[in-house]
Amino acid sequence: MDDAIWSALPAAVRRTVDEHLAARRHVHAIKAIRDASPEPPPGIPACVDVITDRMTELGLLPDR
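About the thresholds
Residues numbered from 1 in each chain as written. Predicted model: local features only at pLDDT ≥ 70, side-chain atom pairs only at ≥ 80, totals over all residues. Heavy atoms only, no water. Helix = DSSP H or I, 4+ residues; strand = E, 2+ residues; numbered from the N terminus. Buried < 20%, exposed > 50% of the residue type's maximum accessible area, 1.4 Å probe, protein only. Polar contact = N/O pair within 3.5 Å; in protein donor to acceptor, adjacent residues only side chain to side chain. Contact = heavy atoms within 4.5 Å. Core = buried A, V, L, I, M, F, W, Y, C linked by side-chain atoms within 4.5 Å. Salt bridge = Lys/Arg side-chain N within 4 Å of Asp/Glu carboxyl O.

**Q** So what exactly am I meant to see when it comes to the side chain of Ser37 here?
**A** One can find Ser37 in the loop between helix H3 (26-36) and helix H4 (44-58). Looking at Ser37, the relative accessible area reads 9%, which means it is buried. A distance of 2.6 Å separates a polar side-chain atom of Ser37 from the backbone oxygen of Ile33. If sequence neighbours within four positions are ignored, Ser37 has contacts with Ile5, Leu9 and Pro42.

Right, dumping it as structure tokens:
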């Protein structure tokens, strides 16, 4: 995934975010991203964009 926010996260946090997304814990995923990001943390809309892209990559979005 080519995203500045995602790329800035440590590998362990990326795994945690993926686990949260697989369990449909989106708020937890956003918190993990914001907590691990450099200051200032990204806004909620930017985090939602990251998790949407990540869910697409993981095949977690429903077919439309």
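**Q** Would you take a moment to explain the nonpolar core for this structure?
**A** One recurring pattern in soluble globular proteins is that nonpolar side chains are buried together. Residues Trp6, Leu9, Val17, Leu21, Ala29, Ile33 and Ile51 are the most contacted members of the largest nonpolar core, which totals 14 residues. Of all the secondary-structure elements, those providing two or more residues to this core are helix H2 (11-22), H3 and H4. Residues within four places of Leu21 in sequence aside, it is in contact with His26, Ala29, Ile51, Arg54, Met55 and Leu60.

**Q** Explain the pattern of salt bridges to me, please; I cannot follow it from the model alone.
**A** Opposite charge on two side chains allows them to pair when their charged atoms are near. All chains considered together, the criterion is met by three salt bridges. Lys31 is paired through a salt bridge with Asp35; the nearest N and O atoms lie 2.5 Å apart. Of the two residues, Lys31 and Asp35 are both situated in helix H3; the distance of four residues between them amounts to about one turn of the helix. Neither Lys31 nor Asp35 differs from the other in exposure class; each is exposed. The shortest N-O distance in the salt bridge between Arg54 and Glu57 comes to 2.5 Å. With a gap of three residues between them, Arg54 and Glu57 both fall in helix H4, about one helical turn apart. What makes Arg54 buried here is its relative accessible area of 12%. Judged by its relative accessible area of 46%, Glu57 falls in the partly exposed class. A single network of salt bridges, built from pairs that share partners, joins Asp18, Arg54 and Glu57.

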